[in-house]
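Given next are the chains, with one letter for each unit.
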Protein chains: 2
Amino acid sequence: MIELLALPGLPEVRPGDDLARLILDTGTELTADDVLVVAHKVVSKAEGRVVDLGDVTPGERARRLAADHGKDPRHVEVVLSEAAQLVRADGGRLICRTRHGFVCANAGVDQSNASHPDQLILLPLDPDASARRLRAALPNRPAVIITDSFGRAWRTGQCEVAIGAAGIIALEDWRGQPDTQGRELHATMIAVADEAAAAADLARAKDSREPAIRVRGLHRHITPEDGAGVAPLIRRLEDDLFR
Amino acid sequence: MIELLALPGLPEVRPGDDLARLILDTGTELTADDVLVVAHKVVSKAEGRVVDLGDVTPGERARRLAADHGKDPRHVEVVLSEAAQLVRADGGRLICRTRHGFVCANAGVDQSNASHPDQLILLPLDPDASARRLRAALPNRPAVIITDSFGRAWRTGQCEVAIGAAGIIALEDWRGQPDTQGRELHATMIAVADEAAAAADLARAKDSREPAIRVRGLHRHITPEDGAGVAPLIRRLEDDLFR
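Quantities reported herein were computed from a predicted structural model and do not represent experimental measurements.

## Here we look at the sheet that holds strand 5 (residues 93-98) of chain B
Residue and element names in this part refer to chain B. Overall, antiparallel pairing links the 3 strands, which are arranged 4-5-6 in an open sheet. Every interior strand has two partners, whereas the edge strands, strand 4 (83-90) and strand 6 (103-105), have only one. Each strand axis lies, on average, 30 degrees off the axis of its neighbour in the sheet, ignoring direction. Looking at chain direction, strand 5 and strand 6 are connected through 3 bridges and run antiparallel. Residue pairing in the sheet places I95 in a bridge with A105 of strand 6. Against the sheet, helix 3 (residues 60-69) touches strand 4 and strand 5, its axis set at about 25 degrees to strand 4.

## Side note on the sheet that holds strand 6 (residues 103-105) of chain A
Residues and elements named next belong to chain A. The strand order across the open sheet built from 3 strands is 4-5-6, with neighbouring strands paired in antiparallel fashion. With one partner strand each, in any of the chains shown, strand 4 (83-90) and strand 6 form the two edges of the open sheet. Strand-to-strand twist in this sheet, taken as the mean axis angle between neighbours without regard to direction, amounts to 30 degrees. Where helix 3 (residues 60-69) meets the sheet, it contacts strand 4 and strand 5 (93-98), and its direction lies at approximately 25 degrees from that of strand 4. Contacting strand 4 and strand 5, helix 4 (residues 73-82) crosses the sheet at an angle of about 130 degrees to strand 4.

## Examining the pairing of strand 8 (residues 143-150) of chain A
All names here are of chain A. Within strand 8, 8 of the 8 residues are buried, leaving the element largely enclosed by the surrounding structure. Side-chain alternation along strand 8 places A143, I145, T147 and S149 on one buried face and V144, I146, D148 and F150 on a second face that is also buried. Two strands pair when backbone bridges link them, and strand 2 (residues 35-39) and strand 8 are joined in this way by 5 bridges, in the parallel orientation. When the bridges of strand 8 are listed, A39 appears paired with T147. The pairing of strand 8 with strand 9 (residues 159-166) spans 7 bridges and is antiparallel. In the sheet register, S149 faces strand 9, and the bridge partner there is E160.

What counts, and where the lines are drawn
Residue indices follow the written sequence of each chain, beginning from 1 at its first position. Each chain is given a letter, starting from A, and each ligand a number, starting from 1, according to the order in which they appear as written. A pLDDT threshold of at least 70 governs which residues receive local features in this predicted model, and a stricter bar of 80 or more applies before side-chain atom pairs are shown or counted, although totals over entire chains, interfaces and linings include all residues. To obtain the side-chain values, all non-hydrogen atoms of the structure were used and water was disregarded. One bridge is not enough; two strands pair if DSSP finds at least two bridges between them. Runs of E in the DSSP output that reach at least two residues are strands. Runs of H or I that reach at least four are helices, and both are numbered from the N terminus. Working convention: axes come from line fits to C-alpha atoms, limited for helices to the stretch in contact. Angles between N-to-C directions cover 0 to 180 degrees. Contacts: residue pairs with any heavy atoms within 4.5 Å of one another. Here's how the labels work: a residue is buried when its accessible area is under 20% of the maximum for its type, exposed when over 50%, partly exposed in between, all with a 1.4 Å probe on protein chains only.

Written as structure tokens, this is what we have:
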């Protein structure tokens, strides 16, 4: 049995805010067997990973891309500054590989749910470290997953995925294990942290202020040590057939 | 609050079996507000979508691909017969577009959890129709999602996704709706059926015989009519940047 509960009522988060304190103030019980799934926007805001468009001077490449794709050149400048590689640019979509190794639209730079209309929210610099800090600051040390909504190459719509994690085995490796018939499973690695991120997204509405979800029933994936975070979920560049 | 419960004890499913009856026999309550998420393998088996390797004669293309990628030419022959397009072939991976429009490894043809070692399981011919039939055969008509495990272009590990659906809005479209600040959300379409598929996968272990999961709490996505199934989740070929 798995149970997903949206934590109530987080206030608007501002740079410097103590996110663990805001979560504790909701009064929601969190045990060592729980996973706390948090949308990155509140983590990024608390960490000051926000940019005011008014402070941005677009360079030549950003101005050219913006003109080609009908976008704000200042927004594109910030996207490029967050991107390690522009994977595809087409029809207004800028698919980027971020410095963390994530492939997503606009290198994770987003305007929705920002605190004011000229603000952009960036991904945390090191989301695994953010997850570890949040876990350490919460009594009972629940496992923590930090998430963002990513599009997919061949499917419409976004799914929430894990961009940072602490205390959870992000990738469950069944290779070499028997299937229900006792035969070896050959290619089964399950992206548990991504599935937990997706599950948590079901427990809230996008227009609610419910960035944090408690997931109960995943204790078999939880570890006392913080572990490798989301690194096991990032496909290595040399294995990427769709660069 | 969302609650996920694995239905207990389905027996090995064989061609011609009545899947609705097997599900009912578990004694699990299913209401009109529930979503029943079912791994496609049991649907495919009940529908006879299985192939014995001994019955397959590989053609020239299958033999060449099998030799290049260290695979069984009979298996490759079946993959090619299920594929509308071979999108990438590399390092033993055959990424295909299926006739349904799904992009996945081996066109969904899989050996794991087959009934015997020489059996391959195919995807249902029309998984939305399979979902509609299963819904109609269950008292109270819960919504139904049929799933498979797909890899992702840029992330390691598989996530369960929806390949068929009845009675659930697979893609929630927030475009034009306000965010928490009352500003318009520009690019937010949430793949609800895929997130529900992923969530359900957390409620079972791969070596358990638990293909069916009951999901409670998704009633706001459920519709009396069966609806468009998973069609809204399939990216149109002309929008695909990674063909």
